[in-house]
Amino acid sequence: MPHSEASPVVETAPTEREPGNPRIVPRSEHCISRSNIDSHALKVLYRLHKAGYQAYLVGGGVRDLLIGLQPKDFDVATDATPEEVRALFRNCRLIGRRFRLAHVVFGRKVVEVATFRANHGGEDDGAGEVHADGRILRDNVFGTIEDDAFRRDFTVNALYYDIGRFALVDYTGALEDIEARRLRLIGDPAVRYREDPVRMLRAARFAAKLGFEVDPASAEPMAELGPLLADVPPARLFEEVLKLFQSGHAVASLEQLRRHDLLQYLFPRADRALKSGDSGFEALLRCALANTDRRIAEDRPVTPAFVYAVFLWPHVRAVAAEQVEAGEPPVPAWQHAASEALDAQQAATALPKRFAGPAREIWTLQPKLERYTGKRARRLLGHPRLRAGWDFLCLRRDSGEDLDALCEQWRQWMEAEPERAAPSEAPAPRKRRRRRGGRRRRGGGGGNE
Ligand code: ATP
Ligand code: MG
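The structure displayed is predicted, hence computed values, not measured ones. Once a new chain begins, its residue numbering starts again from 1 and follows that chain's sequence as written. Chain letters start at A and ligand numbers start at 1, both assigned in the order the entries are written. Totals for whole chains, interfaces and linings use every residue, but because this is a predicted model, local features are given only for residues with pLDDT of at least 70 and side-chain atom pairs only at 80 or more, for both listing and counting. Working from all heavy atoms in the structure, the side-chain values ignore hydrogens and water.

**Q** Break down the site of ligand 1 for me, citing the residues and quoting the values.
**A** The near set for a molecule or strand comprises every residue that places at least one heavy atom within 4 Å of it. In the vicinity of ligand 1, 17 residues are found, and the nearest of them are Arg63, Asp196, Arg199, Arg202 and Arg205. Polar contact is defined as a pair of N or O atoms within 3.5 Å, subject to the rule that within protein one atom must be able to donate a hydrogen and the other to accept it, and that residues adjacent in sequence are counted only when both atoms are side-chain atoms. Interatomic distance of 2.9 Å between a side-chain N/O atom of Arg202 and an oxygen atom of ligand 1. Contacts to ligand 1 include Arg205, whose side-chain N or O atom sits 2.8 Å from an oxygen atom. In isolation ligand 1 offers 590 Å² of accessible surface; the protein chains occlude 90% of this area. Strands are runs of DSSP state E lasting at least 2 residues, helices are runs of H or I lasting at least 4, and numbering of each runs from the N terminus. Taken together, the elements giving at least two residues each to the shell around ligand 1 come down to helix H2 (60-67) and helix H7 (198-210). Across the shell around ligand 1, the residue classes tally to one nonpolar, three polar and 13 charged. For the area figures, the Shrake-Rupley method with a 1.4 Å probe applies, and any residue is considered shielded solely by the protein chains shown. Charged means Asp, Glu, Lys or Arg here, nonpolar means Ala, Val, Leu, Ile, Met, Phe, Trp, Tyr, Cys or Pro, and polar covers whatever is left, Gly included.

**Q** Describe in detail unusual backbone geometry, supporting the description with residues and values.
**A** One non-glycine residue with positive phi stands out, namely Phe166, at about 55°. Here Phe166 shows up in the loop between strand S7 (159-162) and strand S8 (167-170). Of note, the phi angle at Asp299 is positive, near 65°, even though the residue is not glycine. Looking at the secondary structure, you find Asp299 in the loop between helix H14 (279-297) and helix H15 (304-311).

**Q** Describe in detail the packing of aromatic side chains, supporting the description with residues and values.
**A** Only the six-membered ring of Trp is used, alongside the rings of Phe and Tyr, when aromatic pairs are assigned; centres must lie within 6.5 Å, and planes under 30 degrees apart are stacked while those over 60 apart are edge-to-face, with the rest tilted. Summed over the entire model, instances satisfying the criterion amount to 13 aromatic pairs. Ring plane angle 65° and centroid distance 5.0 Å describe the contact between Trp313 and Phe392, whose orientation is recorded as edge-to-face. Here Trp313 is found in helix H16 (residues 313-325), whereas its partner Phe392 is found in helix H20 (residues 386-398), with 79 residues between them in sequence. There is no split in this pair, since Trp313 and Phe392 are both buried. Two conditions define a charge located above a ring, namely a distance within 6 Å from the ring centre to NZ of Lys or CZ of Arg, and an angle within 35 degrees of the ring normal. If you follow Arg34 out to its NZ or CZ, it ends over the ring of Phe166, 3.7 Å from the centre. The residue whose ring lies beneath Arg205 is Phe206, and the NZ or CZ to ring-centre distance is 4.7 Å. Throughout this description, buried means an accessible area under 20% of the type-specific maximum (1.4 Å probe, protein chains only), exposed means over 50%, and partly exposed covers the range between.

**Q** Hey, could you go over the pattern of salt bridges for me, with residue numbers and the actual values?
**A** Note that side chains of opposite charge can pair when their charged atoms are close. For salt bridges, the criterion is a side-chain nitrogen of Lys or Arg within 4 Å of an Asp or Glu carboxyl oxygen. All chains considered together, the criterion is met by 30 salt bridges. A salt bridge links Asp148 to Arg152, with the shortest nitrogen-to-oxygen separation between them at 2.9 Å. The same class applies to Asp148 and to Arg152, which are both buried. The partner of Asp404 in a salt bridge is Arg397, with the nearest N and O atoms 4.0 Å apart. For Asp404, a relative accessible area of 51% gives the class exposed. Each of Glu255, Arg258, Glu282 and Arg286 takes part in salt bridges that share partners, so that together they form one network.

**Q** So what about helix H11 (residues 250-259)? Which residues, and what values?
**A** When H11 is considered as a whole, its buried residues turn out to be Ala250, Ser253, Leu254, Gln256 and Leu257. Projected onto a plane normal to the axis of H11, the buried residues spread over an arc of 165° and lie on a single side. Of the residues flanking the end of H11, it is Asp261, one or two places downstream, whose phi is positive at about 55°. By arc we mean the arc of the directions from the helix axis to the C-beta atoms, nothing more.

**Q** Report on the packing of H7 against helix H10 (residues 234-245), specifying residues and quantitative values.
**A** Where H7 contacts H10, the two axes come as close as 10 Å, and the packing angle between them is 5°. By the angle class used here, H7 and H10 are roughly parallel. Residues Val198, Leu201, Arg202 and Arg205 of H7 lie in contact with H10, whose contacting residues are Arg236, Leu237, Glu240, Lys243 and Leu244. When its residues are assigned to classes, the contact of H7 with H10 shows four nonpolar, no polar and five charged. Think of each axis as a best-fit line through the C-alpha atoms, taken over the contacting stretch in the case of a helix, with angles from 0 to 180 degrees between the N-to-C directions. Working definition: roughly parallel below 35 degrees, roughly antiparallel above 145 degrees, roughly perpendicular at 65 to 115 degrees, and oblique for all remaining angles. Contact criterion: two residues are considered in contact whenever any of their non-hydrogen atoms come within 4.5 Å of each other.

**Q** Hey, could you go over a positive patch on the surface for me, with residue numbers and the actual values?
**A** Two joining distances apply to patches: 9 Å for like charges and 5 Å for nonpolar side chains (Val, Leu, Ile, Met, Phe, Trp, Tyr), and every residue must have over 30% relative accessible area and no salt bridge. A positive count includes Lys and Arg, and a negative count includes Asp and Glu. His and the chain ends are not counted in either. Charge placement uses NZ in Lys and CZ in Arg. For Asp and Glu, CG and CD serve respectively. Where like charges cluster on the molecular surface, the positive patch consists of Lys43, Arg47, Lys50 and Arg90. Within the secondary structure, Lys50 sits in helix H1 (residues 39-50). With relative accessibility at 76%, the residue Lys50 sits in the exposed group.

**Q** Go over the confidence of the model for the protein, please, and point to the residues and values.
**A** Known as pLDDT, the predictor's per-residue confidence is scaled from 0 to 100. Summing up the model confidence of the protein, the mean pLDDT is 87 and the portion of residues at 70 or higher is 85%. Below pLDDT 50 for its whole length, residues 122-137 participates in 28 contacts with residues either more than four positions away or in separate chains. Predicted confidence is poor over residues 425-449, with pLDDT under 50, and the contacts of this stretch with residues over four places away or in other chains come to 28 contacts.

Okay, here's the thing in structure tokens:
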């Protein structure tokens, strides 16, 4: 390997490091202890090392340990090829066609082992680059640890923990950036965003998660290059939406997205509502996201259906109001509005069907919750999504709508017949069983509604 790791110097580093000259921080000078590293990841690291390969912990795991967060997962980087990794571990399977990765499996746990790769202008999960012959995949070109560091997105994501010396290896100035709580793209930011526009969203996400500031030079091109997000497949954006809003830092994510004017590419109508000063919606969104963060902190379930129900609310509400104004009865007006909002969202971040259905029900329950009494209310108690609909009604109340009495009324009705009302702890009820039951019930009651 051409990189030199000979000098264990910890000096004040210049901002961009000379290639081949990493900063090495010995065990005595950093806080990462093996006792904080997942035992399975350690096992993998040791076995690779013993077999004569380089073996490092890399990416989010190292970053989070240094910052004092609990890492979600521990990834390993090595100079062993995927086949060589497989030869070392019986419990190993190779995955991926474009990037071959080794998964070492321990029961339900997987340690991902990636061979050092060089940057060929692609991004990590497949968008954008299609090679005509489909065989020689340029991203899959193996490289040195140094190549591997410079192809990563942010400096803080490019730190290596060397199991041979228990030392940290920093090629990109990550340690200084962590010190300064700064999120900085490696290389020329505009070039890196053009390679993969999702990096703009990742900037907002990591700034939110870590409580860092995006470095001005990394923030600056977003205004011009943001529109490139329109070319990212909606399914990939959906994944990013989940990471932004269902990882326990949704409120901070919204702030970062707004600061960098990126919300428009994920939820155009919500962005417009916020920019037009719709304070009711702003309050609703804040309440909802704070609530999501709280649920995650308490280990309670959250569902993308609810997050989307909130973000698309300005659209649904506006269309429903128009329809009612034009003489349509409320229930079909809301059905229509739900379809229109979901269709429009397809172009940005499509919501998979299994979540679109529940989101639709949350909305279409609103006019029913506002109007139904007596027999019809009683029948509604059997609705599988009633709790989620009621949660949404309460959210509207919390954000300033005059719905106090109504929320209380429904709470009492549900409490009086708990066996009929679905539990509020499960906003994403187990799909299959409930859906089937729900369909039958709705089918039966639908004609009367
Ligand atoms: P999290 O804790 O949210 O999982 P992470 O840092 O592990 O954060 P991942 O998306 O799991 O983030 O990616 C793992 C690593 O792969 C990153 O730390 C980064 O080094 C690299 N990486 C991921 N996506 C990209 C990308 N689009 N461009 C460049 N490097 C990337
Ligand atoms: Mg990760």
